[in-house]
Each structure stands twice: as C-alpha cells, then as structure tokens.
Amino acid sequence: MPVKAHNFGKIVDIDQSRPMKEPATKKSRKADDTADPPEFAGELTRTNRYTGRPYTAKYFEILRKRRDLPVWRQQEEFAQTLRSHQTLVLVGETGSGKTTQIPQFVVDSGFLSKKMCVCTQPRRVAAMSVARRVADEMDVNIGEEVGYSIRFEEATGSKTFLKYSTDGKW
C-alpha cells in the first residue's frame, strides 16, 4: 500500500506543516468529582466505556479544550485515511496533538481489537507525563487502561490498551 503524509487537514508532501496548539497539562482527576455539563447532555453517555464509571467533571473540562484543537476536527478524516492506507506519516508542529490525540483516535476508531497501541517517546519523563495526560483526557486510571513502560518501571496491567514507552522498552 502507498505511504500517505498527513498534515491534520489535508494530504500533503512530508515537508509541509502548520502550527497548532495543545491544551496545558492538568492535575490528576478526583474519582468523586462527577458531572455532566449541559452542553454535553445527550451527546455523550454518562458512563465511561473503558471503566464503566461515570465521567468526571474534569473529563468534560478537558474535552472542551480538546475540541478546540485543529486535530480534533480531523478525527474522522484520520480514521478514514488509516483504514485505506497501511502506513501514514503524520506531520505537525509541537503541540499539534500527534502524541496525545492520534493514539486516542486509533483507540476510539476501533483499530485495536484486543491489541495494544504503543506510542514511543524519546525520554522517560515524556513517556510518564504523556501517559498521565492521556489517562486524564480519557478519564481512566494510569497503569490500568493507559500506561507506560520505561527502564526499571512498568505501569501497565491486563486492561492496558494504550501504552507510552521509551524506544528501548516495549
């Protein structure tokens, strides 16, 4: 299959890109902090499909910020492109959502089918902090559904479907 280069908006040559912003990292979620803001009523279920627990207010707060990202508007286009091409090259500026959003799109689009999505990171701290951020965005617990694997430390479990790892540790 051919290789596609994707620039979160259109299929382009690999050397083209445009800057985008990603939301700032938030503190860890509180399990008892649940709510369903009015603007999301009817749009989402109240239950997290990965944990079976009600979504927290923090989830909806983060979701509002995620929806402002340019990459959010490209979620369906990304899924369609991934379905029709075996290999994709994603191009985007720092903070565009390549590390946090794209792996979630892969999970949400149903590509895993009892498999694990692994996203490699160049440094230990990056793998841990991004895993925590994505766990917050998905309203799951770090080390359960979303985890990380670095030298001398493993925070994954039998339910882990999305893992951030340093290059030498899968």
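Residues numbered from 1 in each chain as written. Predicted model: local features only at pLDDT ≥ 70, side-chain atom pairs only at ≥ 80, totals over all residues. Heavy atoms only, no water.

Novice: Describe the overall build of the chain, and please don't skip the residues or the numbers.
Specialist: Check the secondary structure of the chain and you find four helices and six strands. Beginning at the N terminus, the succession of helices and strands in the chain can be written as β-α-α-β-α-β-α-β-β-β. Across the 170 residues that make up the chain, the buried fraction comes to 44%. Accessible surface, the chain: about 9500 Å² in total, of which carbon and sulfur atoms supply 51%. (Helix = DSSP H or I, 4+ residues; strand = E, 2+ residues; numbered from the N terminus. Buried < 20%, exposed > 50% of the residue type's maximum accessible area, 1.4 Å probe, protein only. Areas by Shrake-Rupley, 256 points an atom, 1.4 Å probe, with all protein chains shown as cover.)

Novice: An account of helix α4 (residues 124-138) is needed here, citing residue identities and associated values.
Specialist: Its 15 residues place the ends of α4 21 Å apart at the C-alpha level, agreeing with the 21 Å of an ideal helix rising 1.5 Å per residue. Counting buried positions over the 15 residues of α4 gives eleven, a clear majority of the element. For α4, the set of buried residues is A126, A127, M128, V130, A131, R133, V134, A135, D136, E137 and M138. Packed against the buried residues of α4 are α1 (57-67), α3 (101-108), β3 (117-121), β4 (146-150), β5 (153-155) and β6 (162-166). (Expected span 1.5 Å × (residues − 1). Contact = heavy atoms within 4.5 Å.)

Novice: Can you explain the pairing of β3? Please cite residues and give values.
Specialist: Every second residue of β3 is oriented toward a common face, the buried set being C117, C119 and Q121 and the non-buried set V118 and T120. Examined bridge by bridge, β3 and β6 share five bridges and lie parallel to one another. Bridged to V118 within β6 is K163. (Pairing = 2+ DSSP bridges.)

Novice: So, the packing of aromatic side chains: which residues are in play, and what are the values?
Specialist: Applying the stated rule across the entire model yields six aromatic pairs. Taking 4.0 Å as the distance between ring centres and 20 degrees as the angle between the ring planes, the aromatic pair formed by Y55 and Y59 counts as stacked. You'll find Y55 and Y59 in the same group, each marked buried. An angle of 50 degrees between the planes, with centres 6.3 Å apart, marks the rings of F78 and F105 as tilted. (Phe/Tyr/Trp six-rings, centres within 6.5 Å; stacked < 30°, edge-to-face > 60°.)

Novice: Describe the packing of helix α2 (residues 75-84) against α3, and please don't skip the residues or the numbers.
Specialist: Where α2 meets α3, the axes come as close as 10 Å, and the angle between the chain directions of the two elements is 65 degrees. Classed by the angle they form, the pair α2 and α3 counts as roughly perpendicular. Here α2 runs over α3; the crossing is right-handed. Contact residues: Q75, F78 and L82 in α2; I102, F105, V106 and D108 in α3. In terms of residue class, the contact of α2 with α3 is made up of five nonpolar, one polar and one charged. (Axes fitted to C-alpha atoms, helices over the stretch in contact; angles between N-to-C directions. Parallel < 35°, antiparallel > 145°, perpendicular 65-115°, else oblique. Left-handed = near helix turned anticlockwise from the far one by under 90°. Nonpolar A, V, L, I, M, F, W, Y, C, P; charged D, E, K, R; others polar.)

Novice: Tell me about the environment of A131, and name the residues and values.
Specialist: Mapped onto the fold, A131 is located in helix α4. Residue A131 is classed as buried on the basis of its relative accessible area of 0%. Residues A131 and V146 lie 15 residues apart in sequence; the distance between their C-alpha atoms is 6.5 Å. Those residues in contact with A131 that sit more than four places away from it in its chain are I142, V146, G147, Y148 and Y164.

By themselves these figures say nothing about function.
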